[in-house]
Amino acid sequence: MGIITIKDDKLLFERRDETVLIEPYGLNCIRVRSSKNTRLSDEKWTLLEPKDTSSPVITGDSKMATLTNGDISVTVLADNIYGGELRFSRKGKEILVTKNEGDYARRYLHTEGDNYKISYAFDANYGEHIYGLGQMQEDVFDRKGRTTELINYNTYSAIPTYYSSLGYGFIWNNPAPGRCETTYNHTMWVAESAYQADYLVYVGDTPKDVMKIYSDLTGYAPMMPDWAAGFWQCKLRYSSQDVVLNVAREYKKRGITPDAIVIDFFHWKEQGDFAFDPKYWSDPKGMCDELREMGIEPVVSVWCTASPNSENWSEMYNRNLVLGTESGQFPTFDFYGMITYIDPINPETAKFCWEKIKKNYYDNGIKNFWLDEAEPEIHPQHFSNMKMYAGNGAQTALLYPFYYNKLFYDGRIAEGETEIINLTRAAYLGSQRVGALVWNGDVVSSFWALKNSIKSGLSMAMCGIPWWNSDIGGFCFGDTESESFRELLMRWFQFGLFCPVMRLHGSRNRQSYYVDETPDAMVPSGGYNEIWHFGEEYYPHYVKMIETRQKMRPYTLSLAKEAHENGTPIMRPMFLEFPDDEKCYSLDDQYMYGSDILFAPIYNEGQTEREVYLPEGEWVCVKDFKEYAGSQTVTMHADICEYLAFVKKGSDVISAFM
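In this report, we go over the structure that sits alongside the text. (Residues numbered from 1 in each chain as written. Predicted model: local features only at pLDDT ≥ 70, side-chain atom pairs only at ≥ 80, totals over all residues. Heavy atoms only, no water.)

### Description of the overall build of the protein chain
Step number 1: Along the backbone of the protein chain there are 12 helices and 41 strands.
Step number 2: In terms of overall size, the protein chain behaves like a compact globule, its C-alpha atoms giving a radius of gyration of 25 Å where 658 residues would be expected to give roughly 26 Å.
Step number 3: For the protein chain, the residues scored as buried account for 64% of the 658 residues in total.
Step number 4: Counting only contacts in the protein chain whose residues sit at least 6 apart along the sequence, the fraction spanning at least 24 positions is 71%. (Helix = DSSP H or I, 4+ residues; strand = E, 2+ residues; numbered from the N terminus. Rg over C-alpha atoms; globule rule 2.2 N^0.38 Å. Buried < 20%, exposed > 50% of the residue type's maximum accessible area, 1.4 Å probe, protein only. Contact = heavy atoms within 4.5 Å.)

Spelled out as structure tokens, the structure:
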């Protein structure tokens, strides 16, 4: 039993050991906060203030009341058999109902202070499909019937939001590690330690409408820089300035211009120096000038790690600009020495680090950054032992990647930039608005990882992350002299052609002809990873795909503009473009690249045929320009150097494939 009070445009529901506040939050959206504490927190974390105001309608009394905000409504039942129930409806059709599993007070199990382990459950909906929740290296796109850990580590990044095929979106506004059970008996959110439950439910007529509301709530991506829509060249580690320039010159000699070359980790002396090692990088500004003269944008990896051997350690450590621990000393990771991480949530850390980065990188011509280790990667993963400016990691750990990206975003905004992109390994609610280009981490070089990467990209799209990519070829254990790997790389390159960013990267086994140009470096370099090292018979096909990607640039940038203005992702699940086609909700290995290109990747070794579902309309296969009617499934053949993509008949983008 409980009592409902109508307070202006809000509903306050109170009962013994629980206080619940229900309010409109922008258009077609309702926010709920619930706690065992009698005072609710106003903390929004990374949530934005509503862009648009609304005029909700409230009816009812102290026993039952309904708040309607546009197309969404919630009815609170104070004294039914369950003793307090919330029923959400979209245009009068029920979509979500809270579930009291036994005693409702089981939602809150005390941990420390005013914090609780919170378990907040809803009834399961028969036939519902659920998409989102971040990227996991699993052969799963539809999360229904699954449990998702809400934690971050290398290759795994949880974002606590999903889209439901019932036409609603859900945000769990809580940065505490935990889990989400989207199983067949309930949907339950668990925070390991939190002050309150805080969630938002929002609805729209189409999936795109729902994604736009998500972006209203969490932010829109900046406009993508023109160069970022092309081809990025990368490898485990370009070990010196000379190596980078020699690679760029060789590409130009061959008549190919990568749009970006990425300089990866350990170009520094010590972690936390935030500077090039002058032994191998004597003139960073001259290097950047030459690269840009060739039409190539330099991107540099800047880790958030800090070592006691760094010239900045004493100041960062004593000013609490690095992560603390609740028990024991500073180390959180043993990687070329015991290290910890900067605390980007601390405004003083952000100021200190950006001053170093501006002086040592930005002022030397480095305008774009790779933000690795963004989870952050700690061992063991005991987040309760992690102390940040925002609080204990058990309550706040998921915030880290957002603020790590924000540090670099804010720094460049202060320099007057507007088109900002950060290559990063983890994300959180709203990371898109601080320029996050997420990739799915150090996945292995295998067909299994390629298949899972397709689903990772689609899942991140449904988490409002429009910029996403993977290491073409996978990161670990790629043997470029193996025919199996060469086939894998070709198939992954084809997938990369239809990703928001096309980036060739990986730690390759050293080739039989490899020559180590910096044998005395602290960290060895992997094998060669340029397109002329993967077999002469494959080389012209890589060249052709790079040329195709560059011809696709206007189309890709138009999609980036849609994401910037409407929150529509670039890489789109089939149902996003065809929401009335039930079959599209079960397709997880083909997708739309924008509204005009359908891509059906081949991801099994030795495979040259697969089925492709063509929705309504008329389609042109870019392999041979044959036309196909829609509303049918076709069996298509594609040799190793061919790919299966279809363009809507009449679309101008077909010229990119000619």
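From this point, things continue past the structure.
### Points about unusual backbone geometry
Step number 1: With an omega dihedral of 0 degrees, the bond running from Glu375 to Pro376 counts as a cis peptide bond.
Step number 2: Residue placement: Pro376 occurs in the loop between strand S27 (368-371) and strand S28 (386-388).
Step number 3: Not every positive phi belongs to a glycine, and Asn28 is a case in point at roughly 55 degrees.
Step number 4: Position of Asn28 among the secondary structure elements: in the loop between strand S3 (18-24) and strand S4 (29-35).

### A closer look at the packing of helix H5 (residues 347-360) against helix H7 (residues 400-414)
Step number 1: Two numbers describe how H5 lies on H7: the axes approach to 10 Å, and their chain directions differ by 60 degrees. The interaxial crossing formed by H5 with H7 has right-handed handedness. Along the contact surface, H5 presents Ala350, Cys353, Trp354 and Ile357, while H7 presents Leu407, Phe408, Gly411 and Arg412.
Step number 2: In terms of residue class, the contact of H5 with H7 is made up of 6 nonpolar, 1 polar and 1 charged. (Axes fitted to C-alpha atoms, helices over the stretch in contact; angles between N-to-C directions. Left-handed = near helix turned anticlockwise from the far one by under 90°. Nonpolar A, V, L, I, M, F, W, Y, C, P; charged D, E, K, R; others polar.)

### Description of helix H11 (residues 553-566)
Step number 1: Relative to the 20 Å expected for 14 residues at 1.5 Å per residue, H11 spans 20 Å between its end C-alpha atoms, a close match to the ideal helical length.
Step number 2: For H11, the set of buried residues is Arg553, Tyr555, Thr556, Leu557, Leu559, Ala560 and Ala563.
Step number 3: Of the surrounding elements, those touching the buried residues of H11 are helix H10 (539-551), strand S34 (571-572), strand S35 (591-593) and strand S36 (597-599).
Step number 4: Looking one or two residues beyond H11, the residue adopting positive phi is Gly567, at roughly 80 degrees. (Expected span 1.5 Å × (residues − 1).)

### Concerning the packing of aromatic side chains
Step number 1: Counted by the stated rule, this structure contains 59 aromatic pairs.
Step number 2: With 4.7 Å between their ring centres and 65 degrees between their planes, Tyr251 and Trp532 make a pair best called edge-to-face. Note that Tyr251 is positioned in helix H2 (residues 241-253) and Trp532 in the loop between strand S33 (502-504) and H10, a separation of 281 residues in sequence. Summarising the burial analysis for this pair, Tyr251 and Trp532 share the class buried.
Step number 3: Ring geometry for Phe335 versus Tyr336: centroids 5.0 Å apart, planes at 85 degrees, classification edge-to-face. (Phe/Tyr/Trp six-rings, centres within 6.5 Å; stacked < 30°, edge-to-face > 60°.)

### Quick look at the pairing of strand S9 (residues 93-99)
Step number 1: Sheet topology note: the strand S8 (residues 85-90)/S9 ladder contains 4 bridges and is antiparallel. Across the sheet, residue Phe88 finds its bridge partner in S9, namely Leu96.
Step number 2: What sits between S8 and S9 in their antiparallel hairpin is a turn of 2 residues, with Lys91 showing a positive phi close to 50 degrees.
Step number 3: The sheet contact formed by S9 and strand S11 (residues 115-123) spans 2 bridges and is antiparallel. By the bridge assignment for S11, Thr98 is matched with Phe122. (Pairing = 2+ DSSP bridges.)

### Describing the sheet that holds strand S24 (residues 324-325)
Step number 1: Spatially, the 3 strands line up as an open sheet ordered S24-S28-S29, and their pairing is antiparallel. Sheet topology places S24 and strand S29 (391-392) at the edges, where each strand pairs with a single neighbour.
Step number 2: One ladder, built from 2 bridges, connects S24 with S28; its direction is antiparallel. Across the sheet, Thr325 pairs through a bridge with Met386, a residue of S28.

### Describing the pattern of salt bridges
Step number 1: Counting across every chain of the model gives 41 salt bridges.
Step number 2: A salt bridge links Glu18 to Arg15, with the shortest nitrogen-to-oxygen separation between them at 2.6 Å. Comparing Glu18 with Arg15, the two get one shared label, buried.
Step number 3: Three or more residues joined by partner-sharing salt bridges are found here, namely Asp372, Glu373, Glu375, Glu377, Arg425 and Asp442. (Salt bridge = Lys/Arg side-chain N within 4 Å of Asp/Glu carboxyl O.)

### Observations concerning the nonpolar core
Step number 1: Phe88, Trp232, Phe498 and Ile531 are the most contacted members of the largest nonpolar core, which totals 225 residues.
Step number 2: Residue contacts for Phe498: discarding those within four places in its chain leaves Arg549, Met552, Tyr591, Tyr593, Ile597, Phe599, Tyr643, Ala645 and Phe657. (Core = buried A, V, L, I, M, F, W, Y, C linked by side-chain atoms within 4.5 Å.)

### Quick word on a nonpolar patch on the surface
Step number 1: There is a patch of nonpolar side chains on the surface, built from Val444, Trp448 and Phe477 and spanning about 360 Å² of accessible area.
Step number 2: Locating Val444 in the fold gives a position in the loop between strand S31 (436-439) and helix H8 (447-461).
Step number 3: According to the relative accessible area criterion, Val444 is partly exposed, its value standing at 32%. (Patch = residues over 30% accessible without salt bridge, like charges linked within 9 Å, V, L, I, M, F, W, Y side chains within 5 Å. Areas by Shrake-Rupley, 256 points an atom, 1.4 Å probe, with all protein chains shown as cover.)

### Comments concerning the side chain of Ser651
Step number 1: Locating Ser651 in the fold gives a position in the segment after strand S41 (645-648).
Step number 2: For Ser651, a relative accessible area of 11% corresponds to the buried category.
Step number 3: There is a polar contact of 2.8 Å between the side chain of Ser651 and the side chain of Asp596. (Polar contact = N/O pair within 3.5 Å; in protein donor to acceptor, adjacent residues only side chain to side chain.)

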